[in-house]
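Results of the structural survey
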Amino acid sequence: MTKDTVLSSMTEQELKVRERALLILLKEFGGEKNNKAIYNCAEDWCKKQVTTNGLVSYYKAYYNQHGQT
């Protein structure tokens, strides 16, 4: 699937959660040159969650492993 296909298949609520997740993650971790991990985390998160509560901890646990995804 391409990025456009993924975005077009998301619900409005998922898109809003993704937007908030990206804002939070880019603010918190954006200077670490790991944007791929940030975007992957936001995509995974918005498919499973309806708020961003716990997002930073989730990112640290599963995506912030020395730039690995």
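Relevant structure appears above.
This section reports on the structure supplied with the text.

Observations concerning helix α4 (residues 55–62)
Those residues of α4 that fall on the buried side of the exposure criterion are L55, Y58 and Y59. Taken end-on, α4 shows its buried residues confined to a sector of 100°, consistent with a single buried face. Here the buried face of α4 lies against α2 (12–29) and α3 (35–48).

A short note on the side chain of R18
Tracing the sequence through the fold places R18 in helix α2. Here the side chain of R18 touches E43 through a polar contact of 2.5 Å, side chain to side chain.

Describing the packing of aromatic side chains
Within this structure, the stated rule accounts for five aromatic pairs. On the basis of an interplanar angle of 55° and a centroid distance of 5.8 Å, the ring pair of Y58 and Y63 is categorised as tilted. The burial state of Y58 is the same as that of Y63; both residues are buried. Three or more aromatic residues link up through ring pairs in this structure, and these residues are F29, W45, Y58, Y59, Y62 and Y63.

As for the packing of α2 against α3
Contact pair α2 / α3: the axes reach a minimum separation of 9 Å and the direction vectors enclose 145°. The element α2 and its partner α3 pack so that their crossing is right-handed. Contacts from E14, V17, R18, A21, L22, L25, L26 and F29 of α2 reach α3 at N35, I38, Y39, C41, A42, E43, W45, C46 and K47. Partitioned by chemical class, the residues of the contact of α2 with α3 number 12 nonpolar, one polar and four charged.

What counts and what doesn't
- Residues numbered from 1 in each chain as written.
- Predicted model: local features only at pLDDT ≥ 70, side-chain atom pairs only at ≥ 80, totals over all residues.
- Heavy atoms only, no water.
- Buried < 20%, exposed > 50% of the residue type's maximum accessible area, 1.4 Å probe, protein only.
- Helix = DSSP H or I, 4+ residues; strand = E, 2+ residues; numbered from the N terminus.
- Arc of directions from axis to C-beta.
- Contact = heavy atoms within 4.5 Å.
- Polar contact = N/O pair within 3.5 Å; in protein donor to acceptor, adjacent residues only side chain to side chain.
- Phe/Tyr/Trp six-rings, centres within 6.5 Å; stacked < 30°, edge-to-face > 60°.
- Axes fitted to C-alpha atoms, helices over the stretch in contact; angles between N-to-C directions.
- Left-handed = near helix turned anticlockwise from the far one by under 90°.
- Nonpolar A, V, L, I, M, F, W, Y, C, P; charged D, E, K, R; others polar.

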